[in-house]
Amino acid sequence: MKAKQFDADFNGGKDITAVLDLSQARRPLQKQRRINVDFPDWMIESSIGKPVGSV
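Presented here is a report on the structure given in the accompanying data block. (Residues numbered from 1 in each chain as written. Predicted model: local features only at pLDDT ≥ 70, side-chain atom pairs only at ≥ 80, totals over all residues. Heavy atoms only, no water.)

Time to look at the overall build of the protein chain. Scanning the protein chain from terminus to terminus reveals 2 helices and 0 strands. On C-alpha atoms alone, the protein chain measures out to a radius of gyration of 23 Å, which is more than a quarter above the 10 Å that the 2.2 N^0.38 rule sets for 55 residues. In terms of overall dimensions, the protein chain has a C-alpha envelope of 60 × 25 × 15 Å along the principal axes. Out of the 55 residues in the protein chain, the part that is buried amounts to 4%. In the protein chain, 9 side chains carry a positive charge and 7 a negative one; their mean positions are 9 Å apart. (Helix = DSSP H or I, 4+ residues; strand = E, 2+ residues; numbered from the N terminus. Rg over C-alpha atoms; globule rule 2.2 N^0.38 Å. Buried < 20%, exposed > 50% of the residue type's maximum accessible area, 1.4 Å probe, protein only. Lys, Arg positive; Asp, Glu negative; His and termini not counted. Charge placed at Lys NZ, Arg CZ, Asp CG, Glu CD.)

In structure tokens, the structure reads:
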């Protein structure tokens, strides 16, 4: 597919995923990290609406 056709299809709202090579796709700066955060009980209770012991 030529670039002009690709652009026209994309801009026209057509599904272009069939012509993409997604095997090596990546999202720069989107690396996930795991962290641990301690919150006070009152903050958790206010966000979920029930006492912490019943979660």
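On the surface, Ile35, Val37, Phe39, Trp42 and Met43 cluster together into a nonpolar patch covering about 550 Å² of accessible area. Within the secondary structure, Val37 is located in the loop between helix 1 (3–11) and helix 2 (41–48). Val37 gets classed as partly exposed once you look at its relative accessible area, which sits at 46%. (Patch = residues over 30% accessible without salt bridge, like charges linked within 9 Å, V, L, I, M, F, W, Y side chains within 5 Å. Areas by Shrake-Rupley, 256 points an atom, 1.4 Å probe, with all protein chains shown as cover. Salt bridge = Lys/Arg side-chain N within 4 Å of Asp/Glu carboxyl O.)

This part is about the environment of Lys50. Inspection of the secondary structure assignment puts Lys50 in the segment after helix 2. Taking C-alpha positions, Lys50 is 18 Å from Asp38, a pair spaced 12 residues apart along the chain.

For Asp9, the location among the structural elements is in helix 1. Not counting the four nearest positions on each side in its chain, Asp9 is found in contact with Met1, Lys14 and Ile16. (Contact = heavy atoms within 4.5 Å.)

In this model, Leu29 sits at a positive phi of 65 degrees, which is unusual for a non-glycine residue. Structurally, the position occupied by Leu29 is in the loop between helix 1 and helix 2.

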